[in-house]
Amino acid sequence: MVNEIMSRPMIECDNLVKIYKTKDIEVLALQGLDIRIDQGELMAIIGNSGSGKSTFLNMIGGLDRPSAGRLIVDGKDLFKLNEQELVEYKRRTVGFVWQNNARNLLPYLTAWQNVQMPMLFENGTQKKQRALELLDIVGLSHRKNSRLDQLSGGEQQRIAIAIALANNPRVLLADEPTGSVDAKTGAYILDMFRDINRNTGLTIVIVTHDRLLSKKVNRVVSIRDGKISSERLMKQSYRDRLTDISAFTEESEIQDEYAILDRAGRLQIPREMLEKMQIRDNKVRIELVDGRIIIENPEIEHIQKG
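Treat the numbers as computed from the prediction; the structure is a model and nothing was measured. (Residues numbered from 1 in each chain as written. Predicted model: local features only at pLDDT ≥ 70, side-chain atom pairs only at ≥ 80, totals over all residues. Heavy atoms only, no water.)

Engineer: I keep staring at the layout of surface pockets and nothing clicks. Help me out?
Structural biologist: Sizing a probe to match a water molecule and rolling it over the atoms shows the empty space that remains. Estimates place the volume of the second largest pocket at around 670 Å³. In terms of lining, the second largest pocket is formed by 24 residues, of which the most central are Lys 90, Val 94, Phe 96, Pro 118 and Ile 163. Of all the elements in the fold, those that place two or more residues in the lining of the second largest pocket are α3 (83–92), β6 (94–97) and α6 (153–164). For the lining of the second largest pocket, the residue count by class is 16 nonpolar, 5 polar and 3 charged. (1 Å grid on protein atoms, 1.4 Å probe; cavity = no way out; pocket = protein on both sides within 12 Å on 5 of 7 lines; lining within 4 Å. Points joined across faces, edges and corners; volume = space filled by probe spheres on them. Helix = DSSP H or I, 4+ residues; strand = E, 2+ residues; numbered from the N terminus. Nonpolar A, V, L, I, M, F, W, Y, C, P; charged D, E, K, R; others polar.)

Engineer: Teacher, can you tell me more about the pairing of strand β3 (residues 42–46) here?
Structural biologist: Each regular strand carries side chains that alternate between the two faces of the sheet. In terms of burial, β3 is a largely internal element, 5 of the 5 residues being buried. Because side chains alternate across β3, one face comprises the buried residues Leu 42, Ala 44 and Ile 46, and the other comprises Met 43 and Ile 45, equally buried. Bridging between β3 and strand β8 (residues 203–207) involves 4 bridges; their strand directions are parallel. Bridge pairing links Leu 42 to Ile 204 in β8. Both β3 and strand β9 (residues 219–224) contribute to a ladder of 4 bridges, which runs parallel. Bridge pairing in β9 links Met 43 to Arg 219. (Buried < 20%, exposed > 50% of the residue type's maximum accessible area, 1.4 Å probe, protein only. Pairing = 2+ DSSP bridges.)

Engineer: In this structure, what is going on with the sheet that holds strand β5 (residues 76–77)? I would like to understand it.
Structural biologist: The strands making up a sheet are joined through hydrogen bonds of the backbone, oriented either antiparallel or parallel. Reading across the sheet, the 4 strands line up as β2-β1-β4-β5 and stay open at both edges, with antiparallel pairing between neighbours. Sheet topology places β2 (26–38) and β5 at the edges, where each strand pairs with a single neighbour. Each of β1 (9–21), β2 and β4 (68–73) touches helix α2 (residues 53–60); the most contacted strand, β1, lies at about 115° to it. (Contact = heavy atoms within 4.5 Å. Axes fitted to C-alpha atoms, helices over the stretch in contact; angles between N-to-C directions.)

Engineer: Honestly, unusual backbone geometry in this entry has me stumped. Any pointers?
Structural biologist: Peptide bonds are mostly trans, and most non-glycine residues show a negative phi. Residues other than glycine seldom take positive phi values, yet Asn 15 does so here, at roughly 50°. Structurally, Asn 15 can be placed in strand β1. The phi torsion at Glu 176 lies on the positive side, around 50°, for a residue other than glycine. Looking at the element boundaries, Glu 176 is found in the loop between β7 (171–175) and α7 (183–200).

Structure follows, in structure tokens:
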């Protein structure tokens, strides 16, 4: 049964494009991104600033409209939703945790009241009890009557996670959730995400620069220049040994890395590899040898022959 659930796509992107236009310039933030995220996955998205990872998260969250392509989340085609349907989608399908706690919490309310806010328009009389249960999940039921200025940064972020879970979303999106806390608190928040994922089967997508966090999820997708460039999958030998992973453990020990081919058979070669190969223009020599694709610098070959 678990395998069947995991095999169902929760998020499907085909050739997703996002163009931001101003009066004088157009910026291509996503350039034909293809990805499938299965139901119940806990995965991380990494990439340099401007790579398109936060744009992708905003697309899934319904905060920004795609320019072209196909985007399906929990069976809903985000290109076809009208404004009213989009509001309902954001209320029912996705929960969002921001790095900036000012976007998560209202400072004049208590933690308990903040968690109840997303449930104000829901029917039923169990809102207060549900809020207490969520505070208990994030380990802060004892701080239910504390306001924002009485909570540490880590506690505020944990309250934000409780708020994001208030309406039982199908997908939890987290944008740099450990970016404003110390390493110990960041590790605690990651463990919380893992517990939520394991206990509820909730699909969780995290955008992060935190290398330790990215090491402790089963799948890491790297976005470069608006497209998926590579994926890292956790080795089976580490699946049940997360406590052995430290900030000093090499990614190559924990995860296998794979280059990603797009639908046209193209792949991105990391810039640092091209620099080491001394590639100076856009031409390389490709050869198939014993089942391996060999990529060479044609200039070096010409010098060797000369």
